[in-house]
Amino acid sequence: NRGPGHWWSRLALLLAASVLASCSWINVDFGTKDATANWDADKLYAEARLELSNGAWQKARELFQKLESRYPFGRHAQQALMEIAYTYYKEGETAQAIQAADRFIRQYPNHPNIDYVYYLKGLASFNEDLGVIGRLLNQDISERDAKAAREAFDAFKDLVNRFPESRYAEDARARMRFLVNAQAQAELNVAKFYYSRKAYLAAIQRSQTVVRDFQRTPAVEEALSLMARSYEAL
């Protein structure tokens, strides 16, 4: 004969089994193992490079992030952070690319490829996504907010000043000239807007800014002409 305790034990087991069965989703959500869990640094790096060569930016970045996290002092850690910045840049994630580049510059200021990171930071700002409307309207850089242009110019300037002999320096200088011309054109566009609205004093002031601050740009000639017409209109 079995006493009441036996039946209570059986009931407890049945209830426990029922609860486990109803919570089987736990195994689905949390039981999945990371396929890379046992990979060493060399394996992670090799697979990340493979994804990078295939243009799978997000997959490559995820592997590089795991590599940097698991082996922060390994020989691949510095390259991993550099590639993280690059994959963000390739995906048009400007803010994240600049953030990763800045982190690299802070952590590894003496890295032999630090000039490339400054260049990459400049490119990220230079190629900042205009958004859907900007692409549809084929928006000119002179019509954009000047903030990104200034940040790009500063990054390229840092590169040129710190590493004048860098392989990226000449391209950086060319982009700096382009940005200066674009900023001059932006000021001229504002002056022309004021002129069209018969706000001649404002048009003169903006034209003077072009002549004073952007003396070597193509916009100066038109700014002088606009200034003369504005004085004549007054």
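See the structure above.
No experiment lies behind these values; they were computed from the predicted model shown. (Residues numbered from 1 in each chain as written. Predicted model: local features only at pLDDT ≥ 70, side-chain atom pairs only at ≥ 80, totals over all residues. Heavy atoms only, no water.)

**As for a nonpolar patch on the surface**
- Nonpolar side chains collect at one region of the surface, where Leu201, Tyr231 and Leu234 lie side by side and expose about 350 Å² of accessible area between them.
- With respect to the helices, strands and loops of the structure, Tyr231 is situated in helix α12 (residues 219-233). (Patch = residues over 30% accessible without salt bridge, like charges linked within 9 Å, V, L, I, M, F, W, Y side chains within 5 Å. Areas by Shrake-Rupley, 256 points an atom, 1.4 Å probe, with all protein chains shown as cover. Salt bridge = Lys/Arg side-chain N within 4 Å of Asp/Glu carboxyl O. Helix = DSSP H or I, 4+ residues; strand = E, 2+ residues; numbered from the N terminus.)

**A look at the nonpolar core**
- The biggest cluster of nonpolar side chains holds 40 residues, and the ones touching the most others in it are Phe64, Leu67, Phe104, Val117 and Phe156.
- Elements that contribute at least two residues to this core include exactly α3 (41-53), α4 (57-70), α5 (77-90), α6 (94-107), α7 (114-126), α9 (146-162) and α10 (169-196).
- Sort the elements by how many residues they give to this core and α7 lands first, with nine residues.
- For Leu67, the residues in contact, after removing those within four places along its chain, are Ala41, Leu44, Tyr45, Pro72, His76 and Ala80.
- Counting residues in hydrophobic clusters, the runner-up holds nine residues, among them Leu188, Phe214, Val220 and Leu226. (Core = buried A, V, L, I, M, F, W, Y, C linked by side-chain atoms within 4.5 Å. Buried < 20%, exposed > 50% of the residue type's maximum accessible area, 1.4 Å probe, protein only. Contact = heavy atoms within 4.5 Å.)

**A short note on the packing of α5 against α6**
- Axis separation between α5 and α6 bottoms out at 7 Å; the angle between their running directions is 160 degrees. Taken together, the axes of α5 and α6 lie roughly antiparallel to each other. For the pair α5 and α6, the crossing hand works out as left-handed. Along its contact with α5, which presents Gln78, Leu81, Met82, Ile84, Ala85, Tyr88 and Tyr89, the element α6 presents Gln96, Ala97, Ala100, Ala101, Arg103, Phe104 and Gln107.
- Of the residues belonging to the contact of α5 with α6, the class tally is ten nonpolar, three polar and one charged. (Axes fitted to C-alpha atoms, helices over the stretch in contact; angles between N-to-C directions. Parallel < 35°, antiparallel > 145°, perpendicular 65-115°, else oblique. Left-handed = near helix turned anticlockwise from the far one by under 90°. Nonpolar A, V, L, I, M, F, W, Y, C, P; charged D, E, K, R; others polar.)

**Observations concerning the environment of Ala101**
- If you trace the backbone, Ala101 turns up in helix α6.
- A sequence separation of 18 residues divides Ala101 from Glu83, and the C-alpha atoms of the two residues are 9.6 Å apart.
- If we ignore the near neighbours within four places in the chain, the residues touching Ala101 are Ala85, Val117 and Lys121.

**Some words on unusual backbone geometry**
- For Lys198, which is not a glycine, the phi torsion comes out positive at approximately 65 degrees.
- For Lys198, the location among the structural elements is in the loop between α10 and α11 (200-213).

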